[in-house]
Amino acid sequence: MKNETSVQYFYLLSFSGETRSKPFIMAFFFLIYVVGVLINFSIITVIFLKVNLHKPMYLFICNLSIVDIFYTSVTVPKLLHMLLSGNHIVSSAQCYTQFYFFSFIASTEGILLFVMACDRYVAICDPLHYHQILSWRNCSLITFGIWAAALSNSTIFVIFAVYMSSCHSNVIHQFFCDVKSLTRTNCTITKLFLVFTNLEMVIFVFIPIMCTIVSYFQIFSIIFKMSKKSRKKAFSTCSSHVTVVSIYYGAGLVGYLIPAYSDVLDSIFNIIYTTIVPMINPIIYSLQNSNVQAALLWLMMEMCLLK
């Protein structure tokens, strides 16, 4: 007989044994969470308030900030609660709910970064038709499509995951419930689940990365033919997105390619792309974009005047 059980709870083992370091770990994650939420919320606020930022590129940056707030909110508050209470047990329902929202947000960010690459491609390679292709109506439909596709994907993903039996262990060597950790606890991984997982990797990771690389080959081939002044301006609008994409996919892919026995490295890379990357994304965009810098400065001055 197979030793298959329906697990009622999971034990998140990451950071559980670091008693002396817990205050520092809590302070670290709390600081990252607060700074990330404040910066992303500031980006959303200035884009909403400043009319000159009501453009497709800034609409997508605004959506990216929303995604990044949710990204850290799905994992960090629960981690802080576990560190504060010392209770590292989560119910099966809580674990799969966290996995559902994490999958939803991760899928959204992957599609959004690809759409932002397309935005830069149209802006540089086909500027005369930019406002026609990326009209307000089209941008609204694209935004709705991004969130709807990610929601559908995460719903199907979790349905497949819930119906797998756990028999190896209910211990998760991670600070949140993700597909890699949950798969390690399961002994009845169906062929359908593996097919869906591989298909998801192709649709939401491989295709966007390859299309983004091809887009930037085209973009850079056009940029190098521009004048020095135009080239500098074009580079400034692309460099921030290239940096964000490189960090996000680099940390994410390395994290998921790490062998199952490398729990420490696994945790490190998960921390990078689930907490640090969402915090630095708006910083990268604000540092590279003079319009965002000016809008943030205006917001700070308005807040000072109100005081």
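Below is a short write-up of the structure. None of these values were measured; they are calculated from a predicted model.

Along the protein, the regular secondary structure elements total 10 helices and 3 strands. What you see in the protein, going N to C, is helices and strands ordered as β-α-α-β-α-α-α-β-α-α-α-α-α. Looking at the 307 residues of the protein, the share that counts as buried comes to 45%. Summarising the internal contacts of the protein: among those between residues at least 6 apart in sequence, 80% fall at separations of at least 24. Within the structure as shown, the protein displays about 16200 Å² of accessible surface, and the carbon and sulfur contribution to it stands at 72%.

Moving on, we come to the state of the cysteines. Throughout this description, disulfide means a covalent bond between two cysteine sulfur atoms. A full pass over the atoms with the stated rule returns 1 disulfide. The disulfide bridge from Cys95 ends at Cys177, spanning 1.9 Å between sulfur atoms. Of note, the bridge from Cys95 to Cys177 carries an S-S torsion of about -115 degrees and is left-handed in sense. Of the two residues, Cys95 sits in helix α3 (residues 92-125) while Cys177 sits in the loop between β3 (171-172) and α6 (179-185), which places them 82 residues apart along the sequence. With respect to burial, Cys95 and Cys177 carry one shared label: buried. Left without a disulfide partner, Cys238 is nearest to the cysteine sulfur of Cys125, which lies 8.7 Å away.

So, about a nonpolar patch on the surface. The grouping of Leu199, Val202, Ile203, Phe206, Ile207, Met210, Ile213 and Phe217 at the surface amounts to a nonpolar patch, some 740 Å² of accessible area in total. Relative to the assigned elements, Val202 resides in helix α7 (residues 191-223).

Turning next to the pairing of strand β1 (residues 9-12). Covered by surrounding structure in β1 are Phe10 and Leu12 only, the residues Tyr9 and Tyr11 on the alternate face being uncovered. Here β1 runs beside strand β2 (residues 89-91); their pairing, made up of 3 bridges, is antiparallel. When the bridges of β2 are listed, Tyr11 appears paired with Ile89. The pairing of β1 with β3 spans 2 bridges and is classified as parallel. Following the sheet pairing, Tyr11 is matched in β3 by Val171.

Turning next to the sheet that holds β1. In spatial order, the strands read β2-β1-β3; together these 3 strands make up an open sheet with mixed pairing. Edge positions in the open sheet fall to β2 and β3, since each of these has one partner strand only. Of the strands in this sheet, β1, β2 and β3 are in contact with α3, which crosses β2 at around 80 degrees.

Once that is clear, we can look at helix α5 (residues 136-162). Over its 27 residues, α5 runs 39 Å from end to end, which matches the ideal 39 Å to within 8%, given 1.5 Å per residue. For α5, the full list of buried residues reads Cys139, Thr143, Ile146, Trp147, Ala150, Asn153, Ser154, Phe157, Val158 and Ala161. The inward-facing, buried residues of α5 contact α2 (56-85), α3, α6 and α7.

Looking now at empty space enclosed by the protein. Tallying each qualifying case throughout the model produces 3 cavities of 30 Å³ or more. What the largest cavity holds in volume is close to 100 Å³. Around the largest cavity sit 13 residues that line it, and Met57, Ile61, Arg120, Thr237 and Tyr285 are the ones nearest its centre. Elements with a contribution of two residues or more to the lining of the largest cavity: α2, α3, α8 (228-257) and α9 (263-288). Per element, the largest residue contribution to the lining of the largest cavity is 4 residues, and it comes from α8. By residue class, the composition of the lining of the largest cavity is 5 nonpolar, 6 polar and 2 charged.

Here the focus is the packing of α3 against α7. How two helices pack is summed up by the angle between their axes together with the distance between the axes. Look at α3 against α7: their axes get within 9 Å of each other, and the N-to-C directions meet at 20 degrees. Classified by the angle their axes make, α3 and α7 are roughly parallel. α7 is crossed by α3, and the crossing has left-handed handedness. Residues Ser103, Ser107, Gly110, Ile111, Phe114, Ala117, Arg120, Tyr121, Ile124 and Cys125 of α3 pack against Glu200, Phe204, Pro208, Cys211, Thr212, Ser215, Tyr216, Gln218, Ile219, Ile222 and Ile223 of α7.

Cut-off values and rules
Residues numbered from 1 in each chain as written. Predicted model: local features only at pLDDT ≥ 70, side-chain atom pairs only at ≥ 80, totals over all residues. Heavy atoms only, no water. Helix = DSSP H or I, 4+ residues; strand = E, 2+ residues; numbered from the N terminus. Buried < 20%, exposed > 50% of the residue type's maximum accessible area, 1.4 Å probe, protein only. Contact = heavy atoms within 4.5 Å. Areas by Shrake-Rupley, 256 points an atom, 1.4 Å probe, with all protein chains shown as cover. Disulfide = S-S within 2.5 Å. Patch = residues over 30% accessible without salt bridge, like charges linked within 9 Å, V, L, I, M, F, W, Y side chains within 5 Å. Salt bridge = Lys/Arg side-chain N within 4 Å of Asp/Glu carboxyl O. Pairing = 2+ DSSP bridges. Axes fitted to C-alpha atoms, helices over the stretch in contact; angles between N-to-C directions. Expected span 1.5 Å × (residues − 1). 1 Å grid on protein atoms, 1.4 Å probe; cavity = no way out; pocket = protein on both sides within 12 Å on 5 of 7 lines; lining within 4 Å. Points joined across faces, edges and corners; volume = space filled by probe spheres on them. Nonpolar A, V, L, I, M, F, W, Y, C, P; charged D, E, K, R; others polar. Parallel < 35°, antiparallel > 145°, perpendicular 65-115°, else oblique. Left-handed = near helix turned anticlockwise from the far one by under 90°.

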